[in-house]
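Reading the structure
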Amino acid sequence: VMKLNPQQAPLYGDSVITVQLTEEDKVEDDVVFYLVFTGSTVQHCTSTRKINPGSLETISPGHDCCETVKVALCASREGHPVLVVAEESFQFVQDEAYDAAQFLATCAGNQQALNFTRFLDRSRPPAADVDFLDEKVALAFRHLKLPAEWNVLGADQSLSENIPRETLMHFAVRLGLLRLTWFLLQQPGGRGALSIHNNEGATPVSLALERGYQKLHQLLTEEGAREPDSWSTLSHTVHSGDYSVKHHRGLDVYLLTAEA
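Cut-offs and rules
Residues numbered from 1 in each chain as written. Predicted model: local features only at pLDDT ≥ 70, side-chain atom pairs only at ≥ 80, totals over all residues. Heavy atoms only, no water. Core = buried A, V, L, I, M, F, W, Y, C linked by side-chain atoms within 4.5 Å. Buried < 20%, exposed > 50% of the residue type's maximum accessible area, 1.4 Å probe, protein only. Domains from an automatic or database assignment. Patch = residues over 30% accessible without salt bridge, like charges linked within 9 Å, V, L, I, M, F, W, Y side chains within 5 Å. Areas by Shrake-Rupley, 256 points an atom, 1.4 Å probe, with all protein chains shown as cover. Salt bridge = Lys/Arg side-chain N within 4 Å of Asp/Glu carboxyl O. Helix = DSSP H or I, 4+ residues; strand = E, 2+ residues; numbered from the N terminus. 1 Å grid on protein atoms, 1.4 Å probe; cavity = no way out; pocket = protein on both sides within 12 Å on 5 of 7 lines; lining within 4 Å. Points joined across faces, edges and corners; volume = space filled by probe spheres on them. Nonpolar A, V, L, I, M, F, W, Y, C, P; charged D, E, K, R; others polar. Contact = heavy atoms within 4.5 Å. Buried area = accessible area lost by both parts, 1.4 Å probe. Polar contact = N/O pair within 3.5 Å; in protein donor to acceptor, adjacent residues only side chain to side chain. Phe/Tyr/Trp six-rings, centres within 6.5 Å; stacked < 30°, edge-to-face > 60°.

In the nomenclature of an unreviewed UniProt entry, the protein chain corresponds to AKP13 protein from the organism Gymnorhina tibicen.

A few points about the nonpolar core
Where a protein is soluble and globular, its nonpolar side chains tend to be buried together. Grouped together as the largest cluster of nonpolar side chains are 62 residues, with contacts concentrated most on Phe 90, Phe 141, Leu 168, Leu 180 and Leu 184. Each of domain 1 (3–94 + 235–259) and domain 2 (96–226) accounts for three or more of the residues forming this core.

So, a nonpolar patch on the surface
Among the surface-exposed residues, Phe 103, Phe 116 and Phe 119 lie close enough to one another that they form a single nonpolar patch of about 310 Å² accessible area. Structurally, the position occupied by Phe 116 is in helix 2 (residues 111–121). For Phe 116, a relative accessible area of 40% gives the class partly exposed.

As for the layout of surface pockets
There is about 510 Å³ of room inside the largest pocket. Together, 24 residues line the largest pocket, and Gly 62, His 143, Lys 145, Ser 244 and Lys 246 are the ones closest to its centre. Taken together, the residues that form the lining of the largest pocket break down as seven nonpolar, twelve polar and five charged. Domain assignment of the residues forming the lining of the largest pocket places at least three in each of domain 1 (3–94 + 235–259) and domain 2 (96–226).

A word on the domain arrangement of the protein chain
Along its sequence, the protein chain is carved into domain 1 (3–94 + 235–259) and domain 2 (96–226). With nine residues of domain 1 in contact, the opposing surface of domain 2 contributes nine residues. Both sides of the domain 1 and domain 2 interface together cover about 810 Å² of buried area, and 54% of this is carbon and sulfur. At the junction of domain 1 and domain 2, the tally comes to zero salt bridges. For the pair domain 1 and domain 2, the interface holds five residue pairs in polar contact (both at pLDDT 80 or more). Of the residues contributing to the side of domain 1 that touches domain 2, the split by class is two nonpolar, five polar and two charged.

Overview of the packing of aromatic side chains
Each aromatic ring pair is characterised by the separation of its centres together with the angle its planes make. Scanning all chains against the criterion turns up six aromatic pairs. Between Phe 37 and Phe 92, the aromatic rings sit 6.4 Å apart at their centres with planes inclined by 50 degrees, giving tilted as the arrangement. A residue pair is termed long-range when its members are at least 10 positions apart, and Phe 37 in strand 4 (residues 32–38) and Phe 92 in strand 9 (residues 83–93) qualify at 55 residues. Exposure class is identical for Phe 37 and Phe 92. Each is buried. Members of the aromatic cluster, each reached through a chain of ring pairs, are Phe 37, Phe 90 and Phe 92.

Listed below in structure tokens is the structure:
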């Protein structure tokens, strides 16, 4: 038996899972461990890194639906067949960050909803909470299957740039959400949103300046600005197609996903 901690992860994945090995699985250095997650339609394989002789660490994959899956711990050694040494179940769940990303995605052009996000801002969450929010909502947003016609400015593209209004970009910048801002910049309408004034005449760019968010301001104004450092705490796709491969630089863990 192995112990997984935690025993569940949000649908968008990217959270750290610790694997406690039993006495008999604590083995020589030349054994490589993998975790195989088998869902109803997709299967994931993740590499692991050893923390100490009795425990491993890996990154949870992003999954396609809320369900309980089987996890097999596999051991491989050069010249030997791959062995399944333990099995456990694991749950993928939809959390608040996922709900928040879905809400934001659907209210891209909805002024009432966007004004609600301004109301939220008055409570000014502490910096640690903002960082947590930024990471989780950016991960969840990235995992959403956004429709092909989705746009940062909402569905009504006939609105001219001169009509003052709130945008998702104002929301992300006002809270200082670096990762989410970077994600939105890459989406249709992301760059266009930078020059839109709200009812007070503020653009996302002027908001970043006014709030003293230097890194964010650079991200929005510098030619060829690079992804923010904090983006590297998320895993990145290195191959996509029939199967996808992601790499988490922080833990140096690879995640392979394919149809089961």
